[in-house]
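# Residue-level structure breakdown
Now for the letters of each chain:
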Amino acid sequence: MDIVANELSKVYKIPKRKAGIMNGLKSMVHREYEEIVALNKVSFEIGKGELVGYIGPNGAGKSTSIKILSGILTPDSGECKVLDKIPYKDRINYVKNIGVVFGQRTQLWWDLPVIDSFELLKDIYKIRFGDYVKMKKELIKWLNLESFINTPVRQLSLGQKMRCELAASLLHSPSILFLDEPTIGLDAISKLAVREFIKKLNKERGVTVILTTHDMDDIETLCDRVIVIGKGEILSDGSLKSLRNRVSNERRLILDFEQGKNTFSIEGATLVREEKNRLIIDFNPDIITPANLITALSTKYKIKDILIENPPIEEVIAQLYEELKI
């Protein structure tokens, strides 16, 4: 296994202070703290070459987990091994084998051209010149960086900057890539480019990838396995399909019609919403088959087009959070 986490726990102490000047003065003399449990005995294993989505609401413990696995934080209890090393104990040798991208933080130098940041990272990671030149050329080509590789980082768009961040994290050819919100704030074109690159890196290079994100399209597009965390505990670990089945086995039917009745009452089917001449319906295939549902609808509506799909993954995750009260 590339990554083994065994009962990781982490608690933060947050200073408490009531509003007002007097309360501020009191807190200087006698400070009170509130304990926030970020991780509570979190355990999981990730094999070589896996691409795993690690999701949960804000404050669930995702970033804390990534920081422990990447050696930035030390857990209060439990242990983890990544590539047979304990990240927070053997950090200098360990970081040579991992890449980390935090969507809201940068490892590039703000006022320098991107290529100068790459040169500095080459020296920091002590990459052999031949290996650096080969990897740099591949990354520039894969991520289409040619047109702005000599531009100062501060002049790049968010999408350009994120592609450069990905390249910077991979210059030293890591075996594992930690991605924390890599598509946050990106436009649709930049998101597609980043997703395609991550998929290619995983499939062609066999790089193990852990992806944390609130964008469920990232998860649905990239990940075969999804770990759900909430209130510092693992709530679910398995395929996207098994996660859907755990929450609901309903399917979604989208019906475009020319004309029809305004009443809707079919056993096993629920009208989600109506948009002009379109119906969006969730149905349970164990109660009513798609064929029988379409037949029933055809007696009420003059049908133009029909599409059957799974409910959006955002709705599945939201329903899971609601059921688990997180």
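The structure reproduced in this document is the subject of the present report.

Definitions and limits used
Residues numbered from 1 in each chain as written. Predicted model: local features only at pLDDT ≥ 70, side-chain atom pairs only at ≥ 80, totals over all residues. Heavy atoms only, no water. Helix = DSSP H or I, 4+ residues; strand = E, 2+ residues; numbered from the N terminus. Contact = heavy atoms within 4.5 Å. Areas by Shrake-Rupley, 256 points an atom, 1.4 Å probe, with all protein chains shown as cover. Lys, Arg positive; Asp, Glu negative; His and termini not counted. Charge placed at Lys NZ, Arg CZ, Asp CG, Glu CD. Phe/Tyr/Trp six-rings, centres within 6.5 Å; stacked < 30°, edge-to-face > 60°. Lys NZ or Arg CZ within 6 Å of the ring centre and 35° of its normal. Salt bridge = Lys/Arg side-chain N within 4 Å of Asp/Glu carboxyl O. Buried < 20%, exposed > 50% of the residue type's maximum accessible area, 1.4 Å probe, protein only. Patch = residues over 30% accessible without salt bridge, like charges linked within 9 Å, V, L, I, M, F, W, Y side chains within 5 Å. Polar contact = N/O pair within 3.5 Å; in protein donor to acceptor, adjacent residues only side chain to side chain. Expected span 1.5 Å × (residues − 1). Arc of directions from axis to C-beta.

Helix and strand counts for the chain come out as 11 helices and 13 strands. Principal-axis analysis of the C-alpha atoms gives the chain an extent of 70 × 55 × 45 Å. If you take every contact in the chain between residues at least 6 apart in sequence, the share linking residues at least 24 apart comes to 70%. Accessible area for the chain stands at about 17400 Å²; split by element, carbon and sulfur atoms hold 49% of it. Taking the average location of the 48 positive side-chain charges in the chain and that of its 45 negative ones, the two points are 4 Å from each other.

Aromatic ring pairs are reported here in terms of the distance separating the ring centres and the angle at which the planes meet. Within this structure, the stated rule accounts for three aromatic pairs. Centre to centre, the rings of Phe257 and Tyr301 are 4.9 Å apart; their planes meet at 55°, and the pair counts as tilted. Placement of the pair is Phe257 in strand S10 (residues 251–260) and Tyr301 in strand S13 (residues 301–309), with a sequence separation of 44 residues. The ring of Tyr132 has Lys122 sitting right over it, with the charged end atom 5.8 Å from the ring centre.

On to the pattern of salt bridges, then. Summed over the entire model, instances satisfying the criterion amount to 16 salt bridges. Residues Lys122 and Asp123 are paired through a salt bridge, measuring 3.1 Å at the closest nitrogen-oxygen approach. For Lys122, a relative accessible area of 13% corresponds to the buried category. The partner of Glu275 in a salt bridge is Arg273, with the nearest N and O atoms 2.8 Å apart. Using a relative accessible area of 35% as the deciding quantity, one classes Glu275 as partly exposed. Among the residues examined, Arg273 registers a relative accessible area of 38% and is labelled partly exposed. Bridged by salt links that share partners, the residues Lys191, Arg195, Asp215 and Asp218 form one connected network.

All right, on to a nonpolar patch on the surface then. Taken together, the side chains of Trp109, Leu120 and Ile124 present a nonpolar region at the surface, about 270 Å² in accessible area. Its location among the elements puts Leu120 in helix H4 (residues 114–124). Here Leu120 falls in the partly exposed class, since its relative accessible area comes to 33%.

As a further point, take the environment of Thr299. In this fold, Thr299 is placed in the loop between helix H10 (290–298) and S13. Side-chain polar atoms of Thr299 contact the backbone oxygen of Ala296, separated by 2.6 Å.

Compared with an ideal rise of 1.5 Å per residue, which puts 14 residues at 20 Å, helix H5 (residues 129–142) spans 20 Å between its outermost C-alpha atoms and is within 8% of the ideal. Of all the positions in H5, only Tyr132, Met135, Lys136, Leu139 and Ile140 are classed as buried. On an axial view of H5, the arc spanned by its buried residues comes to 130°, and they lie on one face. Facing away from the buried side of H5, by more than 90 degrees, are the exposed residues Lys134, Lys137 and Lys141. Packing partners of the buried residues in H5 comprise H4, helix H6 (158–170) and helix H7 (188–205). Of the residues one or two after H5, Asn144 is the one with positive phi, at around 55°.

Attention now moves to unusual backbone geometry. Comment: phi is negative for the bulk of residues other than glycine, and the bulk of peptide bonds are trans. Non-glycine residue Leu83 carries a positive phi angle of around 55°. Note that Leu83 resides in the loop between strand S4 (77–82) and helix H3 (91–94). Residues other than glycine seldom take positive phi values, yet Lys126 does so here, at roughly 55°. Within the secondary structure, Lys126 sits in the loop between H4 and H5. Its relative accessible area of 72% is what places Lys126 among the exposed residues.

By themselves these figures say nothing about function.
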